[in-house]
Amino acid sequence: MFKQIAAVMALILVTATVQADRLLDPMPSSMMAGDFSLVDLNGKEHQLKDLKGSFTLINFWAKDCTICRAEFATLNDLQAQLKESYDFKVVAIHAGGQAEEVEKVLETNPVEFTVLMDSNLALGSWGVPTLPTSYLIAPNGSFAYRAVGTRVWNSPAMVDFLSRVFDEYQNEHAASQN
């Protein structure tokens, strides 16, 4: 019995590691991200349309999701690495719950990015299959990529990949302006 449990645990660990090493899954560029109006932990309202013109990584998470919280340090680092060269922002959206509960989590897991509350799960139309799930939104408001499950956001491969995506988008946009 112990060997069976150990084998299952090893399989889970290998699966999680493989998933964390994946980068992002492309999405059809014709799919536009649905606008939202959500509040941050200070009660200030934020809308997706206010972020138009920027690359935005929307990360859905929950306070009880350990792997979601584990991504925070890498998301912080990713934003710090890319914001100097690109108009890039990370926005974390907490699914369900109350702001007070999220504030307690953030006391031990501080972040430099915006955290919004989706207390009523209003963004169900985004089709979040599991937590964490992240979407890279292009400056024109379209879905560009999706990550289902955890990622190592600040890995050299991820930073390089996102830099190439941002550069290609900017080059295509500049060419279409001419």
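What this report covers is the structure whose coordinates are included nearby. (Residues numbered from 1 in each chain as written. Predicted model: local features only at pLDDT ≥ 70, side-chain atom pairs only at ≥ 80, totals over all residues. Heavy atoms only, no water.)

**Looking at the side chain of Ser163**
Link 1 in the chain: Positionally, Ser163 belongs in helix H4 (residues 156–177).
Link 2 in the chain: A residue is classified by how much of its surface remains accessible, and Ser163, at 15% relative accessible area, is buried.
Link 3 in the chain: At a separation of 2.9 Å, a polar atom in the side chain of Ser163 contacts the main-chain carbonyl oxygen of Val159.
Link 4 in the chain: Look past the residues within four positions of Ser163 in its chain and what remains in contact with it is Leu82 and Tyr86. (Helix = DSSP H or I, 4+ residues; strand = E, 2+ residues; numbered from the N terminus. Buried < 20%, exposed > 50% of the residue type's maximum accessible area, 1.4 Å probe, protein only. Polar contact = N/O pair within 3.5 Å; in protein donor to acceptor, adjacent residues only side chain to side chain. Contact = heavy atoms within 4.5 Å.)

**Describing the packing of aromatic side chains**
Link 1 in the chain: Tallied over the entire structure, the rule returns 13 aromatic pairs.
Link 2 in the chain: With 5.1 Å between their ring centres and 70° between their planes, Tyr86 and Phe166 make a pair best called edge-to-face. Pair noted here: Tyr86 is in the loop between helix H2 (66–82) and strand S5 (88–95) and Phe166 is in helix H4, with a separation of 80 residues, a long-range link. Here Tyr86 and Phe166 have matching classes, each one buried. (Phe/Tyr/Trp six-rings, centres within 6.5 Å; stacked < 30°, edge-to-face > 60°.)

**Brief notes about the state of the cysteines**
Link 1 in the chain: A full pass over the atoms with the stated rule returns one disulfide.
Link 2 in the chain: What pairs with Cys65 in a disulfide is Cys68, and their sulfur atoms sit 2.2 Å apart. In this structure, the disulfide formed by Cys65 and Cys68 twists by about 80° around the S-S bond and is classed as right-handed. Across the pair, Cys68 and Cys65 agree in class, each one buried. (Disulfide = S-S within 2.5 Å.)

Just distances and angles here, no functional claims.
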